[in-house]
Amino acid sequence: MSTGLYLYALTRGLSPALLEGRTGVAGAPLRLIENEGLAAVVSEVDLEEFGEDGLKRNLEDLAWLEAVATAHDRVTREVAERAPAAPVRLATVFLSDASVRESLARWHDRAERTLDRIEGRGEWSVKVYSDPSTRGAASSEEPADDPGMGAGRAYLLKRRAATQRKEAAAQEDAETAEQIHAAVEKLAVAGRRLAPQDRRLTGHVGEMILNGTYLVDRDDVAAFKAEVDRLADLHDHLRIELAGPWPPYSFASLETS
């Protein structure tokens, strides 16, 4: 069997002993390849499966892709619990230790900057949902019926009023989402607003008005959580969900071209 090296993440300061007994894709043992203070977390893979031709075929197989992505994520999380870790692109494969070391040398400065940025920090998610049913009676008020008004005109007025209420609510939600994002971002090293998730995919109730992710220093986590709680109490017509910490994928991307 011809084998290659699957690369999961770049790290530094990680003892090889911490990888003993740990496995990656297809249950292969993990190991480190080091160069100039950086280390690559790798495991061996079959090039029939992970070579150029094999990847073209297998990346169309959703079950295969899910299994590889799950292993990739698990390994990166395990490393990130023990040292700063910058994940690399899924299915990044090398032919030898020497080729990995050559790439570590080429990526060195970018990788060091990335690891400096994320060390001692985790990624937290703040999602905010707006549910029209929680806005109270005032938001559902409609123009009173006028006995002297024709049914058609009355219908059009109600439609227009409903449209105006919807637009006003959307504007209010957009402004509130920006305020919440700004408030929690002040307690983070960095923050990003991501595209709202489709409820058909997640099954969430209401309209997602904020899908934010934040890089938070471990020493600031308590204050960050307290601010999210304060905002949830302040905006009781909204639902705010906090999740984390995770390896800082959103802030640790390393272009490895």
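As a reminder, the structure under discussion sits directly above these lines.
Residues numbered from 1 in each chain as written. Predicted model: local features only at pLDDT ≥ 70, side-chain atom pairs only at ≥ 80, totals over all residues. Heavy atoms only, no water.

Engineer: When you look at the overall build of the protein chain in this model, what are you seeing that I'm missing?
Structural biologist: The helix and strand inventory of the protein chain stands at seven helices and eight strands. Looking at the protein chain residue by residue over its 257 residues, the buried ones come to 42%. Across the protein chain, contacts joining residues at least 24 apart in sequence account for 76% of those joining residues at least 6 apart. Counting every atom, the protein chain has about 14,300 Å² of accessible surface; 51% of that belongs to carbon and sulfur. With 32 positive and 44 negative side-chain charges, the protein chain shows a spacing of 3 Å between the two charge centroids. (Helix = DSSP H or I, 4+ residues; strand = E, 2+ residues; numbered from the N terminus. Buried < 20%, exposed > 50% of the residue type's maximum accessible area, 1.4 Å probe, protein only. Contact = heavy atoms within 4.5 Å. Areas by Shrake-Rupley, 256 points an atom, 1.4 Å probe, with all protein chains shown as cover. Lys, Arg positive; Asp, Glu negative; His and termini not counted. Charge placed at Lys NZ, Arg CZ, Asp CG, Glu CD.)

Engineer: How do you make sense of the sheet that holds strand β6 (residues 190-193) when you look at a structure like this?
Structural biologist: Think of a sheet as strands paired side by side through backbone hydrogen bonds, with each pair either parallel or antiparallel. Spatially, four strands are ordered β6-β7-β5-β8 in an open sheet, and the strand pairing comes out antiparallel. Strands with a single pairing partner mark the edges of an open sheet, and in this sheet they are β6 and β8 (238-246). Strand-to-strand twist across the sheet, computed as the mean angle between neighbouring axes with direction ignored, equals 20 degrees. Across 10 bridges, strand β5 (residues 121-130) lies against strand β7 (residues 207-217) in antiparallel orientation. Across the sheet, the residue bridging to S130 is E207, located in β7. (Pairing = 2+ DSSP bridges. Axes fitted to C-alpha atoms, helices over the stretch in contact; angles between N-to-C directions.)

Engineer: Sorry, what's going on with unusual backbone geometry here?
Structural biologist: With an omega of 0 degrees, the peptide bond between G244 and P245 qualifies as cis. With respect to the element layout, P245 can be found in strand β8. Although it is not a glycine, E36 adopts a positive phi angle of roughly 50 degrees. Mapped onto the elements, E36 comes out in the loop between β2 (31-35) and β3 (38-46). Owing to a relative accessible area of 55%, E36 belongs among the exposed residues under this scheme.

Engineer: Please explain the environment of S99 as it appears in this structure.
Structural biologist: Its place among the elements puts S99 in helix α4 (residues 97-118). Note on S99: relative accessible area 18%, which makes it buried. Taking the C-alpha atoms as reference points, S99 and L5, 94 residues apart in sequence, are found 9.7 Å from one another.

Engineer: Please explain the packing of aromatic side chains as it appears in this structure.
Structural biologist: Ring pairs (aromatic) are described by centroid distance and by the angle formed between their planes. Within this structure, the stated rule accounts for five aromatic pairs. Pairing Y6 with Y8 gives two aromatic rings, centres 4.7 Å apart and planes at 45 degrees, and the pair type is tilted. For the pair Y6 and Y8, a shared accessibility class is recorded, and that class is buried. Both rings, one in Y6 and one in F50, keep their centres 5.8 Å apart while their planes meet at 85 degrees; by these two values the pair is edge-to-face. Taken together, the residues Y6 in strand β1 (residues 3-11) and F50 in helix α1 (residues 47-50) connect sequence positions 44 residues apart. Judged by its relative accessible area of 0%, Y6 is buried. Through successive ring pairs, a cluster of aromatic residues spans Y6, Y8, F50 and W64. If you follow R239 out to its NZ or CZ, it ends over the ring of Y129, 4.1 Å from the centre. (Phe/Tyr/Trp six-rings, centres within 6.5 Å; stacked < 30°, edge-to-face > 60°. Lys NZ or Arg CZ within 6 Å of the ring centre and 35° of its normal.)

Engineer: Can you walk me through the pairing of strand β4 (residues 85-94) in this structure?
Structural biologist: Where a strand is regular, its side chains alternate between the two sheet faces. A large share of β4 lies buried, amounting to seven of its 10 residues. Where β1 and β4 come together, six bridges link them in antiparallel fashion. For L5, the partnering residue across the bridge sits in β4 and is F94.

Engineer: Is there a simple way to explain the sheet that holds β2 in this structure?
Structural biologist: Overall, antiparallel pairing links the four strands, which are arranged β2-β3-β1-β4 in an open sheet. Only two strands of the sheet have a single neighbouring strand rather than two, namely β2 and β4. When the angles between neighbouring strand axes are averaged without regard to direction, this sheet yields 30 degrees. Pairing of β1 with β3, which is carried by eight bridges, proceeds in the antiparallel orientation. In the sheet register, L5 faces β3, and the bridge partner there is E44. Across the face of the sheet, α4 comes into contact with β1, β2, β3 and β4 while running at roughly 85 degrees to β2.

Engineer: Explanation requested: the environment of L55 in the structure shown.
Structural biologist: Tracing the sequence through the fold places L55 in helix α2 (residues 52-58). Taking the C-alpha atoms as reference points, L55 and R113, separated by 58 residues in sequence, lie 31 Å from one another. If near-sequence neighbours (up to four positions away) are discounted, L55 is found in contact with E49, F50, W64 and A91.

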